[in-house]
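# Fold and contact review
This is what each chain is made of:
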Amino acid sequence: MIDFSYLRPPLDVYQIKHDAFYIKHGEGKNHTRKIFFNQEFDEYEKQKIQELTISIQQHKLTLPSDWCQELTLKYCYSGGFEISKCIQRLQKHLEWIHDENYQVLSPEAEQYLKQGYIYQFGRDHQYRPVIYIQLQMISKNKVHVPTLLNAATAIGNIVTKFMYTRGYVENWIVILDSGGSGLFDFPFSTLNMINEFFSINYTSSLHKMFILNPSFFFNSSWKLIEKIIHPETAAKINFLKAQDFYKLQELIPAEEIEIKYGGQHPNLTTFWPPINTKAQNNQPNEEFQHIQRPPTLTKRTQSLKESEYFSIDNNSKEFYNNSKMKEYRIHEQFQEVDQQHAQCCSCNIM
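Just so it is clear, the structure is predicted and the values come from calculations on it, not from any experiment.

About the criteria used
Residues numbered from 1 in each chain as written. Predicted model: local features only at pLDDT ≥ 70, side-chain atom pairs only at ≥ 80, totals over all residues. Heavy atoms only, no water. Axes fitted to C-alpha atoms, helices over the stretch in contact; angles between N-to-C directions. Helix = DSSP H or I, 4+ residues; strand = E, 2+ residues; numbered from the N terminus. Left-handed = near helix turned anticlockwise from the far one by under 90°. Contact = heavy atoms within 4.5 Å. Nonpolar A, V, L, I, M, F, W, Y, C, P; charged D, E, K, R; others polar. 1 Å grid on protein atoms, 1.4 Å probe; cavity = no way out; pocket = protein on both sides within 12 Å on 5 of 7 lines; lining within 4 Å. Points joined across faces, edges and corners; volume = space filled by probe spheres on them. Salt bridge = Lys/Arg side-chain N within 4 Å of Asp/Glu carboxyl O. Buried < 20%, exposed > 50% of the residue type's maximum accessible area, 1.4 Å probe, protein only. Arc of directions from axis to C-beta. Polar contact = N/O pair within 3.5 Å; in protein donor to acceptor, adjacent residues only side chain to side chain. pLDDT = per-residue confidence, 0-100. Pairing = 2+ DSSP bridges.

Moving on, we come to the packing of helix α8 (residues 145-163) against helix α9 (residues 188-201). Put simply, α8 and α9 touch, their axes get as near as 11 Å, and they point 35° apart. Judged by the sense of rotation from one axis to the other, the crossing of α8 with α9 is right-handed. Only Thr 190, Met 193, Ile 194, Phe 197 and Phe 198 of α9 make contact with α8, whose side of the interface consists of Val 145, Leu 148, Leu 149, Ala 152 and Thr 153. Of the residues that constitute the contact of α8 with α9, the class distribution is eight nonpolar, two polar and no charged.

Structure, rendered in structure tokens:
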């Protein structure tokens, strides 16, 4: 049994400051909250906590012994404050908690982790953990989805238990490497299952998602992806081509990004157990290096005038629009060729 406490962040995690907008913004059902613990809830949130608590009792749901009102509020958000939907998602979550097929890491799922189908590596400037999912490997090798979700559970549980710090770090970054997968070989159904799995069992965790190496057809199929994920999630998505990988360094220290993604850390060959990029007292092996973070970034206070990631803005719609324009131009070119071919045929017939 591995003691994953070596992944805990250093003490300067308590120097992180979040502004009010980052913690929570919006009103009523349009609320968005990223920090739940050690916070004062508004009257609407308190009301919904009470309503969901009553519904939990009516449905005779048995909650874990460490359950708290912050988690109840998370499932208020998870269901869009619609109590019936909140209960449905909470029931699925409770089933997952007690399902050994997820909670006990199987040898097959461990192999997926060792092969790097999904792995955790690095933190951003505010110690948010980064999770990588290799979509091109998933597509190419046609993985067994329940086994993949078993592996994802291991990663998710480790991150939330050891890498989060309540009130300071409660979100993660997800990086999907599509490997240039096209429309017809991209595992949309698998991606949908992964998204549903994380949104139910690790609700309100996603801070930002980057889709790397998107193909032309992937960009043009963005509207399909938008339909299978929550609008709030869609607003957090960025597409990055290889020449734009350097933008990740505005969010994540270069020494905590692999070289293949524009960083300075050697490409990983060992993906499991996770590598800690910030030294602790009990490192599992000598590969782990002590990396000093710039204190100005560790302590930086987010400003409402700044984008979430310095100069990185959501560009998913721009990618989609550009792809649609390219698609339209290609369609025009094919029409011109067809017209020319028809004219040639007419000439030959005559």
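Picking up after the structure, the text goes on.
Our focus in this paragraph is empty space enclosed by the protein. With a probe scaled to a water molecule rolled over the atoms, the places where space remains empty come into view. On inspection of all chains with the given rule, the structure shows two cavities of 30 Å³ or more. In this structure, the second largest cavity spans a volume of roughly 30 Å³. Lining the second largest cavity are Ile 118, Ile 133, Leu 148, Leu 149, Ala 152, Ile 194 and Phe 198. When contributions to the lining of the second largest cavity are tallied by element, the ones reaching two or more residues are α8 and α9. When residues of the lining of the second largest cavity are assigned to their parent elements, the largest contribution, three residues, is made by α8.

Time to look at the pattern of salt bridges. Using the criterion set out here, one finds eight salt bridges in the structure. Between Asp 42 and Lys 24 there is a salt bridge; the shortest N-O distance is 3.3 Å. With Asp 42 in the loop between β2 (32-33) and α2 (43-58) and Lys 24 in strand β1 (residues 24-25), the pair connects residues that are 18 residues apart, well separated along the chain. The exposure class assigned to Lys 24 is partly exposed, which follows from its relative accessible area of 21%. Taking the shortest distance from any N to any O, the salt bridge between Glu 196 and Arg 89 comes out at 3.9 Å. Here Arg 89 lies in helix α4 (residues 83-97) and Glu 196 lies in helix α9, a separation of 107 residues in the sequence.

Counting along an α-helix, one turn takes 3.6 residues, and residues three or four places apart therefore face a common direction. If you check which residues of helix α6 (residues 107-115) are buried, you get Ala 109, Tyr 112 and Leu 113. Viewed along the axis of α6, the buried residues span an arc of 100°, placing them on a single side of the element. Tucked into the core, α6 has its buried residues touching β3 (118-123) and α8. Gly 116, located one to two residues past α6, shows a positive phi value of around 85°.

Glancing now at the environment of Tyr 117. Mapping Tyr 117 onto the fold places it in the loop between α6 and β3. When its relative accessible area of 5% is taken as the criterion, Tyr 117 is described as buried. Along the primary structure Tyr 117 and Leu 135 are separated by 18 residues, whereas in three dimensions their C-alpha atoms are 7.7 Å apart. For Tyr 117, the contacting residues outside a window of four places in its chain are Tyr 112, Tyr 132, Ile 133, Gln 134, Met 137, Ile 138, Asn 141, Val 143 and Leu 148. Among the polar contacts made by the side chain of Tyr 117, one reaches the side chain of Asn 141 at a distance of 3.0 Å.

We now examine the confidence of the model for the chain. Low-pLDDT portions of the prediction should not be read for the details of their coordinates. Looking at the chain, pLDDT values average 81 and 73% of them are 70 or higher. Note that residues 280-321 has pLDDT below 50 and, in this model, 107 contacts with residues that lie over four places away or in other chains. Segment residues 323-350 is flagged for pLDDT under 50; beyond a separation of four residues in sequence, or across chains, it makes eight contacts in the model.

All right, on to the pairing of strand β5 (residues 172-177) then. With six of six residues buried, β5 is to be regarded as a mostly interior element. Side-chain alternation along β5 places Trp 172, Val 174 and Leu 176 on one buried face and Ile 173, Ile 175 and Asp 177 on a second face that is also buried. Note that strand β4 (residues 129-134) and β5 share five bridges and pair parallel. Looking at the pairing, Gln 134 lines up with Asp 177 of β5.

Strand order in the open sheet made by the five strands is β3-β4-β5-β6-β7, with mixed pairing throughout. Both outer strands of the open sheet, β3 and β7 (237-240), are each paired with one neighbouring strand and no more. Taken over all neighbouring pairs, the strand axes of this sheet differ in orientation by 25° on average, direction set aside. The pairing of β3 with β4 spans four bridges and is classified as antiparallel. In the strand pairing of β4, Tyr 119 is matched with Tyr 132. Here α8 sits on the sheet and contacts β3, β4 and β5; the angle it forms with β3, its principal contact strand, is near 25°.

Turning our eyes to something else, we now look at unusual backbone geometry. Residue Pro 273 is bonded to the preceding Trp 272 through a cis peptide linkage, with omega at 0°. With respect to the helices and strands, Pro 273 occurs in the loop between β7 and α13 (295-298). At Tyr 127, a position not held by glycine, the phi torsion is positive, near 65°. Locating Tyr 127 in the fold gives a position in the loop between β3 and β4. Under the relative-accessibility criterion, Tyr 127 is labelled buried at 0%. Backbone geometry places Ser 204, a non-glycine residue, at a positive phi of 60°. Mapped onto the secondary structure, Ser 204 falls in the loop between α9 and β6 (206-212). Assessed through its relative accessible area of 22%, Ser 204 is described here as partly exposed.

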